[in-house]
Amino acid sequence: SQTIHQWPATLVQPVGSPLSLECTVEGTSNPNLYWYRQAAGRGLQLLFYSVGIGQISSEVPQNLSASRPQDRQFILSSKKLLLSDSGFYLCAWSTNLGNEQFFGPGTRLTVL
Amino acid sequence: GQQLNQSPQSMFIQEGEDVSMNCTSSSIFNTWLWYKQDPGEGPVLLIALYKAGELTSNGRLTAQFGITRKDSFLNISASIPSDVGIYFCAGQKNTNAGKSTFGDGTTLTVKP
């Protein structure tokens, strides 16, 4: 069966520090991969999606970047965090049909 | 960008009552998805709808894809305490990498 992992689970970082969040998927190959951010009490905002290794599409202009160095690995990064980057970051995968997405457990990021 | 209006924003109900929530959009979607999110976790897919007019059940949950393709509803019958959580609708225009637009969620509280 397929599983999706995210780490770390929680992170507290000072403003201006770098960020690296990792997401890996097991049990499937060539998945579509997604990064979402969820603000408190809000829905999910799609940040990036990827249909293959090295292929990244950005949905909103922002302080973050994403990379997909391997088929089942998706990384969210920032060189310098802003206060507004705080939130709950969710990684998700789908088959390349793209309909049903399966979410990881999320990373709670607090920027102070 | 595309927006989904999800209502109600929150619901406080008694155990055993039925629940109804809905999503509307000014745009047509080809797929509607309903997710449930428990606190501090990633959303879990409940029901996926692929055809206008489609009515699908998953246990005590029933969801319908509106015939105009601009709306969907989710019903929960005979609610129980573990139904507590945030319910999100999501719409997809096509299988363009599975990009989903999410509503802001309905927070459900069930009193025993």
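Residues numbered from 1 in each chain as written. Chains lettered and ligands numbered in written order. Predicted model: local features only at pLDDT ≥ 70, side-chain atom pairs only at ≥ 80, totals over all residues. Heavy atoms only, no water.

Caption draft 1: Examining the overall build of chain A more closely. The helix and strand tally for chain A stands at zero helices and 11 strands. Relative to the compact-globule value of 13 Å for 112 residues, chain A shows a C-alpha radius of gyration of 13 Å, a close match. Projected onto its principal axes, the C-alpha coordinates of chain A cover approximately 40 × 25 × 20 Å. A total of 112 residues make up chain A; the buried ones form 49% of that total. Residue pairs in contact within chain A that sit at least 24 positions apart in sequence constitute 55% of those at least 6 positions apart. Counting every atom, chain A has about 5200 Å² of accessible surface; 54% of that belongs to carbon and sulfur. Side chains of chain A give 7 positive and 6 negative charges; the mean places of these two sets differ by 10 Å. (Helix = DSSP H or I, 4+ residues; strand = E, 2+ residues; numbered from the N terminus. Rg over C-alpha atoms; globule rule 2.2 N^0.38 Å. Buried < 20%, exposed > 50% of the residue type's maximum accessible area, 1.4 Å probe, protein only. Contact = heavy atoms within 4.5 Å. Areas by Shrake-Rupley, 256 points an atom, 1.4 Å probe, with all protein chains shown as cover. Lys, Arg positive; Asp, Glu negative; His and termini not counted. Charge placed at Lys NZ, Arg CZ, Asp CG, Glu CD.)

Caption draft 2: Geometry of the nonpolar core. Of all hydrophobic cores here, the largest spans 21 residues; its most connected members are Trp32, Trp34, Leu74 and Leu108 of chain B. Of all the secondary-structure elements, those providing two or more residues to this core are strand S2 (10–14), strand S3 (19–25), strand S4 (31–37), strand S5 (44–49), strand S7 (61–65), strand S8 (71–76), strand S9 (85–92) and strand S11 (106–111) of chain B. In this structure leucine 108 of chain B touches Met11, Ile13, Val19, Ile76, Asp83, Val84, Gly85 and Tyr87 of chain B, once residues within four positions along its chain are discounted. The next biggest cluster of nonpolar side chains, apart from the first, holds 20 residues, and it includes Leu11, Leu76, Trp93 and Val111 of chain A. (Core = buried A, V, L, I, M, F, W, Y, C linked by side-chain atoms within 4.5 Å.)

Caption draft 3: Spotlight on the side chain of serine 72 of chain B. All names here are of chain B. Along the chain, serine 72 turns up in strand S8. On the basis of relative accessible area, serine 72 is assigned to the buried category, the value being 3%. Here the side chain of serine 72 touches tryptophan 34 through a polar contact of 2.9 Å, side chain to side chain. Other than its neighbours up to four places away in sequence, serine 72 contacts Met21, Asn22, Cys23, Trp32, Trp34, Leu49, Gln64, Phe65 and Gly66. (Polar contact = N/O pair within 3.5 Å; in protein donor to acceptor, adjacent residues only side chain to side chain.)

Caption draft 4: Structural view of the confidence of the model for chain B. Mean pLDDT over chain B stands at 92; residues scoring 70 or higher make up 96%. The element-level mean pLDDT for chain B is lowest in strand S10 (residues 100–102) of chain B, coming to 89, with S8 of chain B highest at 98. (pLDDT = per-residue confidence, 0-100.)

Caption draft 5: Quick peek at the environment of isoleucine 75 of chain A. Residues and elements named next belong to chain A. Note on placement: isoleucine 75 falls in strand S8 (residues 73–78). Look at isoleucine 75 and you get buried, because its relative accessible area is 14%. Taking the C-alpha atoms as reference points, isoleucine 75 and valine 111, separated by 36 residues in sequence, lie 18 Å from one another.

Caption draft 6: The interface of chain B and chain A, seen in detail. Opposite the 22 residues of chain B that make contact, chain A presents 22 residues. At the boundary of chain B with chain A, the tally comes to two salt bridges. A salt bridge links glutamate 59 of chain A to lysine 99 of chain B, with the nearest nitrogen and oxygen atoms 3.4 Å apart. Where chain B meets chain A, there are nine residue pairs in polar contact (both at pLDDT 80 or more). When residues of the side of chain B that touches chain A are traced back to their parent elements, those giving at least two are S4, S5, S9 and S10 of chain B. For the side of chain B that touches chain A, the element with the highest residue contribution is S4 of chain B, accounting for four residues. Looking at side-chain class alone, the side of chain B that touches chain A contains nine nonpolar, 10 polar and three charged residues. (Salt bridge = Lys/Arg side-chain N within 4 Å of Asp/Glu carboxyl O. Nonpolar A, V, L, I, M, F, W, Y, C, P; charged D, E, K, R; others polar.)

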